[in-house]
Structures are given as structure tokens and as C-alpha cells.
Amino acid sequence: MSDSQDYTLVPYQQLSRDALMGVIEEFINREGTDYGFIEATFSDKCDQVLSQLKQGHVVIAFDHGSQSVGVMHKDQLL
């Protein structure tokens, strides 16, 4: 999902709570995250990704090539 011609941004507010949590959970399970020396619970990780979405640090994008939805770091948009 790195080429801007190949994906569409999906505002997280337009997803149902269940759909949003499914996208967030898939992102955490697939990508993992770096929490330093402190291990976070899965729920804490979900809350952190949701916070990053609200702050605009990460976005949800629909990838036209793979026909899938995922979380992208904002710097991947460049």
C-alpha cells in the first residue's frame, strides 16, 4: 500500500465499532508494535492504535490491488 494511486483512505469514523476493531486487531497481529521494555496488553495496544488514528499518525487505507483494508503509518503516504 505504498503507491497513492493504489489505495483510498477510509476515515475511521465511517467504520462500525466492530469493523474498526477488526482492522486494528489485524494490524496489531500482522505488524506487531514496538512498546520498548514495557509489555502492553492486547487491549492497551488496540487503545494505542485507536489513539494514533484519532491523532492522524496512522490512517486506514483500502488497497485496490489486494482488495484489503489495513492501517498505514502516515509516513507511508509520502
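Not measured: the values here are computed from a predicted model. Chains are numbered independently. Their residues run from 1 in the order of the written sequence. Where local features are concerned, this predicted model is filtered to residues with pLDDT of at least 70; where side-chain atom pairs are given and counted, the filter is 80 or more; whole-chain, interface and lining totals use all residues. Hydrogens are left out, water is left out, and the side-chain values use all remaining heavy atoms of the structure.

Looking now at the overall build of the protein. A count of helices and strands for the protein gives two helices and three strands. In sequence order, the protein lays out its α and β elements as β-α-α-β-β. Each residue gets one of three labels from its accessible area relative to the maximum for its type: buried under 20%, exposed over 50%, partly exposed in between, using a 1.4 Å probe on protein chains only. When the 78 residues of the protein are sorted by exposure, 28% land in the buried category. Throughout, a residue-residue contact means that at least one pair of heavy atoms, one from each residue, lies within 4.5 Å. Partitioning the contacts of the protein with sequence separation of at least 6, the portion at a separation of at least 24 is 54%. Only the protein chains shown count as cover for residues, and all accessible areas are computed by the Shrake-Rupley method using a 1.4 Å probe. Total accessible area computed for the protein in this model is approximately 5,300 Å², and 50% of it derives from carbon and sulfur atoms. Put simply, DSSP H or I for four residues or longer makes a helix, DSSP E for two residues or longer makes a strand, and each gets a number counted from the N terminus.

We now examine the environment of cysteine 46. Looking at the secondary structure, you find cysteine 46 in helix α2 (residues 42–55). Of the residues examined, cysteine 46 reaches a relative accessible area of 4% and is grouped as buried. Residues cysteine 46 and isoleucine 24, spaced 22 residues apart in sequence, show a C-alpha to C-alpha distance of 6.3 Å. Not counting residues up to four positions away in its chain, the partners in contact with cysteine 46 are Met21, Ile24, Glu25 and Ile28.

We now examine unusual backbone geometry. Backbone geometry places glutamine 67, a non-glycine residue, at a positive phi of 55 degrees. Structurally, glutamine 67 is set in the loop between β2 (58–63) and β3 (68–73).

Grouped together as the largest cluster of nonpolar side chains are 14 residues, with contacts concentrated most on Leu20, Ile24, Ile28, Leu53, Ile60 and Val71. Contributing elements (two or more residues each) for this core: α1 (17–31), α2 and β2. Here this core takes six residues from α1, the largest share from any one element. Setting aside residues no more than four positions away along its own chain, isoleucine 24 makes contact with Cys46, Val49, Leu50 and Leu53. Among the buried residues, those of types Ala, Val, Leu, Ile, Met, Phe, Trp, Tyr and Cys that are joined through side-chain atoms within 4.5 Å form a nonpolar core.

On to the packing of α1 against α2, then. Inter-axis angles, ranging from 0 to 180 degrees, are taken between N-to-C directions of lines fitted to C-alpha atoms, where helices are fitted over the stretch in contact. The contact between α1 and α2 brings their axes to 10 Å, and the two run at 110 degrees. Accordingly, the angle class assigned to the pair α1 and α2 is roughly perpendicular. Of α2, the residues touching α1 (which contributes Arg17, Leu20, Met21, Ile24, Glu25, Phe27, Ile28 and Asn29) are Phe42, Lys45, Cys46, Val49, Leu50 and Leu53. For this classification, Asp, Glu, Lys and Arg are treated as charged, while Ala, Val, Leu, Ile, Met, Phe, Trp, Tyr, Cys and Pro are nonpolar and the rest, including Gly, are polar. Each residue belonging to the contact of α1 with α2 can be placed in one class, and the counts come to 10 nonpolar, one polar and three charged. By the definition adopted for this analysis, an angle is roughly parallel if under 35 degrees, roughly antiparallel if over 145, roughly perpendicular if from 65 to 115, and oblique otherwise.

None of this, on its own, says anything about what the molecule does.
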